[in-house]
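The primary structure of each chain is shown beneath.
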Amino acid sequence: MMDFYIYDTSLRDGAQSEDVQLSMPDKIKIALRLDNFGIQCIEGGWPGANPVDNDFFAEIKQYSLKNAKISAFGSTHHASFRAEDDPTMKALVASRMPIMTIFGKSSEKHALDALRVSPAQNLELIHNSIAFLTRHAEKVFFDAEHFFDGFKANKDYALEVLKNAHKAGADTLVLCDSNGGTLPSEVSQIVRICKKELPEAAFGIHAHNDCELAVANSLAALEAGATHIQGTMNGVGERCGNANLCSIIPIIEVKLGKKCLPGDMLRQITATSAYVYEVMNMKPFARQAFVGKSAFAHKGGVHVSAINRDASLYEHIKPEEVGNSQRVLITELAGRSNIVSLARRFGFHLDKDEPVVKGLFHELKTKASLGYDYAAAEASMELLLLRKLARRGVRNFFTLKSLRVFETKDEAGQPLAEATVAVEVEGVVEHTAATGQGPVNAMDIALRKALSSFYPKISELSLRDFKVRVLTIGQEETSRNHDLFSPENEKIPARNGGTASVVRVLIESADMRGAWVTVGVSYDIIEASWQALADSVTYKLYRDEWQSHNNTDNE
Ligand SMILES: CC(=O)SCCNC(=O)CCNC(=O)[C@H](O)C(C)(C)COP(=O)(O)OP(=O)(O)OC[C@H]1O[C@@H](n2cnc3c(N)ncnc32)[C@H](O)[C@@H]1OP(=O)(O)O
Ligand SMILES: CC(=O)C(=O)O
C-alpha cells in the first residue's frame, strides 16, 4: 500500500512544453518505462485533440501494464452541447481508459472571460461532465483549474466548484496552481480549508513552476493532507514546467520516509530520468536535484577533503539511494584531496603527501587554469593520471613525427582540407595523407590511416561530437598561476583575444563499449584539435589493451 498516489502527466502537460514533441511510439516507450518504474497513473494525452494522442490510446491497449493505469484527459463539456453529445466527452469515452481526468474552471473570472459562461452555468458543466463520465470510467479525477487564484478571488465560489464536483462523483479533487504564482504558505492554508470543508473528499495537487515553487507547493499540499500528486518527469511542461516528479518522489521516500514507488525502485529514478530526456530528445539538466550529473559532483578542494573522510559532510543523501553516483572534479578549484579521490576511483590508494600527488596536483591545476576542462574531459584526465603514475600500460602508442594541414578550394569554390601525418610506431614510420570535410576531419582520417596497420581496431572508433570554445582567461591570470606553481608548468604563449584567442576543443568519441571525452587547448585551433584527437585515439588503444590484458588474466 502506497502512502501517496503519483500521477504522471509528462505525456500530456509535459508535451505542452515548448521544446517537446512526441510521436506515438515515443509516448508508448515513455509510458512503458514509467509503468516499469512504478508510477501509479500515467496521463496519456487528450483523446480527440490530435492523431498522436488518438493513436496512443489505441496502441497502449495492446500492452498489459504491471503498475500503472492510463488516464485520458479532457475538458468539461462545451456549453453548446449536452454532456452525452459533446465531442470531448465522446472522445474520452471512446478511449476506453480506466481513468478519465477532466479540467474545469474554479474561478468566476475564467468562467466569464475564458469560457464566456455564467458562474452558475460553469457549475452545471462541471457537474454534468463528471456525472456522465463516472458511468464510463473506473475513476474520474477533477482538475480544478486555477483553483488557488479562484479561491483567493472568491473563496465561496471556488469551494462551491469543489463541492459540486465531489457531489457529481469525482474520485479526487485536484487543486491546480495553473499559473504557478501561488506561494507554499498559501497552498498549505488553502488545502487545509478545503479538507475542513469537504472532510470526506480525496485531494490532489497539480502545480506549475512559474515561481520555481512547483515542488515546494506540491509538498506543502501533501503536508496539508493531499494524497495525490501530479507532476512530470524532469519537470517538463507548459511555460516554466510542472512539478518535477524526479524531486518529489525522492523527497517523499527518503526525506519523509513514506512510500510512493514499489520496493526499491527509487534506485531507478536517475536512469528513468535519463531515459525520458533521451526519448524527448532533450539535453539533461546537469544541476537537477537528485538525478542530475552534478547532483553529487564535488569541485572545491575543501569539500573533497571532507567527503574523503565522510561523504555525508557534503551530501544530503547517499547518491546510490537514487541510483546516482558521487563525482570528484579536477579543476582550478581542486586540492590534493581531489587527486587522492580520483586515483582511488581508478584503484590507486595514494597518500595526500606523496610527491606524485603533489606533482599531479600542480600539473592538473595549472592545466585546468589554462583552460583544460577535465570535468568535461574525463578520458584526458584519466590518461594524465595514469601516465603520471606510470601504471596500467598507458604507453606511447605512437609518436607524431610531422603534421601538416592545409586548406584550399576546389574548382567549384568549395573548401577542401588536406592533412599529411607521419607517425612512428615501434621504430616504423608511417606517412599518410587524406582530404576531409574541414581540417580536423582530414587530420582524423590521415591519423587513423597511418595507425590502422598497427592497430586494426582503430576502425571501431567514431567521433561523435566536436566542440570549440574561445576561452576568456586573461594573460594576467596565467602569469598569476605561474607564480603559484612550479616552473616546469606548461605555458601557453601570449594571447591577444579576438582571432588570437586561446581555444578549447572537446572531442567526444565512441566505440561499441561506450563514449569518452578528451580535451585540447591552444591558441591554434589545429593544435588544440590534435591534442584532443591524439588523446582520444590513445584512450581507445589503452582501454582495448587493458581490457584484453584483464580478460587474459581472468582465463
Ligand atoms: C490547463 C491546461 O493545461 S488545459 C490543457 C491545455 N491543452 C491543450 O490545449 C492541448 C490540446 N488542445 C487542443 O488540441 C485544442 O485546443 C482542442 C482540440 C482541445 C480544441 O480546439 P478548438 O476547438 O479549435 O478550440 P480552441 O483551442 O481554439 O479553444 C479552446 C476551447 O475550449 C474551451 N474550453 C477551455 N476550457 C474549457 C473547459 N474547462 N471546459 C470546457 N471548455 C473549455 C474554450 O472556451 C474554447 O472554446 P470556445 O472558443 O468555443 O469558447
Ligand atoms: C489542468 C492543468 O493542466 C492545469 O490546471 O495546469
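Our subject is the structure that appears above.
To keep things clear, this report deals only with the structure shown in the data block. (Residues numbered from 1 in each chain as written. Chains lettered and ligands numbered in written order. Predicted model: local features only at pLDDT ≥ 70, side-chain atom pairs only at ≥ 80, totals over all residues. Heavy atoms only, no water.)

Examining the overall build of the chain
Scanning the chain for helices and strands turns up 18 helices and 16 strands. Of all intrachain contacts in the chain linking residues separated by at least 6 positions in sequence, the fraction that spans at least 24 positions is 68%. For the chain, the distance from the average position of its 62 positive side-chain charges to the average position of its 71 negative side-chain charges is 3 Å. (Helix = DSSP H or I, 4+ residues; strand = E, 2+ residues; numbered from the N terminus. Contact = heavy atoms within 4.5 Å. Lys, Arg positive; Asp, Glu negative; His and termini not counted. Charge placed at Lys NZ, Arg CZ, Asp CG, Glu CD.)

A closer look at the environment of R192
As for its position among the elements, R192 is in helix α8 (residues 184–197). Its relative accessible area of 46% is what places R192 among the partly exposed residues. A sequence separation of 34 residues divides R192 from A226, and the C-alpha atoms of the two residues are 9.1 Å apart. Sequence-distant contacts of R192, defined by excluding residues within four places in its chain, comprise E223 and A224. (Buried < 20%, exposed > 50% of the residue type's maximum accessible area, 1.4 Å probe, protein only.)

Some thoughts on unusual backbone geometry
In this structure, H146 is a non-glycine residue whose phi angle is positive, near 55°. Along the polypeptide, H146 turns up in the loop between β5 (139–145) and α6 (147–153). The exposure class of H146 is buried, given its relative accessible area of 6%.

Looking at the site of ligand 2
R12, D13, D143, E145, C176, S178, H206 and H208 make up every residue found near ligand 2. In the environment of ligand 2, an oxygen atom lies 2.9 Å from a nitrogen or oxygen atom belonging to the side chain of R12. Contact between ligand 2 and D13: an oxygen atom at 3.1 Å from a side-chain N or O atom of the residue. Out of a free accessible area of 220 Å², ligand 2 has 92% covered by protein chains. (Near = heavy atom within 4 Å. Polar contact = N/O pair within 3.5 Å; in protein donor to acceptor, adjacent residues only side chain to side chain. Areas by Shrake-Rupley, 256 points an atom, 1.4 Å probe, with all protein chains shown as cover.)

Remarks on the nonpolar core
Membership of the largest hydrophobic core comes to 86 residues, with the highest contact counts inside it found for I130, F142, F147, L162, L173, F203 and I249. A per-element tally of this core places helix α7 (residues 155–168) first, with seven residues. Those residues within four positions of F203 in sequence are excluded, and the remaining contacts are L162, T172, L173, L175, C194, K195, L198, A226, T227 and H228. Within the second largest apolar cluster, 58 residues are counted, among which are I330, L447, L533 and Y542. (Core = buried A, V, L, I, M, F, W, Y, C linked by side-chain atoms within 4.5 Å.)

Looking at the sheet that holds strand β8 (residues 228–231)
Sheet architecture is closed into a barrel: eight strands sit in the order β1-β2-β3-β4-β5-β6-β7-β8, paired in parallel fashion. Averaged over all adjacent pairs, the angle separating strand axes in this sheet is 25°, with direction ignored. When strand β3 (residues 69–75) meets strand β4 (residues 99–105), the two strands line up parallel, connected through five bridges. If you follow S75 over to β4, its bridge partner there is F103. The strands touched by helix α9 (residues 214–223) within the sheet are β6 (172–177), β7 (202–207) and β8, with β7 carrying the most contacts at an inclination of about 170°. (Pairing = 2+ DSSP bridges. Axes fitted to C-alpha atoms, helices over the stretch in contact; angles between N-to-C directions.)

A look at helix α5 (residues 119–133)
In this model α5 runs 21 Å from its N-terminal to its C-terminal C-alpha over 15 residues, within 8% of the 21 Å that 1.5 Å per residue would give. In this fold, the buried residues of α5 make contact with α3 (87–95), β4, α4 (108–115), β5 and α7. (Expected span 1.5 Å × (residues − 1).)

A closer look at the site of ligand 1
Taken together, 15 residues form the shell around ligand 1, and within it Q16, T76, H78, L115 and E145 come nearest. At 3.2 Å, a side-chain N or O of R12 approaches an oxygen atom of ligand 1. A distance of 2.4 Å separates a nitrogen atom of ligand 1 from a polar side-chain atom of T76. Here ligand 1 loses 51% of its free accessible area of 1000 Å² to cover by the protein chains. Contributions of two or more residues to the shell around ligand 1 are made by β3, β4 and α4. Among the elements that make up the shell around ligand 1, the one with the highest residue count is β4 (three residues). In terms of residue class, the shell around ligand 1 is made up of six nonpolar, six polar and three charged. (Nonpolar A, V, L, I, M, F, W, Y, C, P; charged D, E, K, R; others polar.)

Overview of the packing of aromatic side chains
For the structure shown, the criterion picks out 14 aromatic pairs. Ring geometry for Y372 against Y374: centres 6.0 Å apart, planes inclined by 10°, an arrangement best described as stacked. Both residues of the pair, Y372 and Y374, count as buried. Look at F397 and Y455: their rings are 5.9 Å apart centre to centre, the planes differ by 75°, and that puts the pair in the edge-to-face class. Residue F397 is located in the loop between α15 (378–389) and β11 (399–409), and its partner Y455 is located in the loop between α16 (439–452) and β14 (462–470); the two are separated by 58 residues in the primary sequence. Its relative accessible area of 11% is what places Y455 among the buried residues. In this structure, K27 is placed above the aromatic ring of F56, and the distance from its NZ or CZ to the ring centre is 5.9 Å. (Phe/Tyr/Trp six-rings, centres within 6.5 Å; stacked < 30°, edge-to-face > 60°. Lys NZ or Arg CZ within 6 Å of the ring centre and 35° of its normal.)

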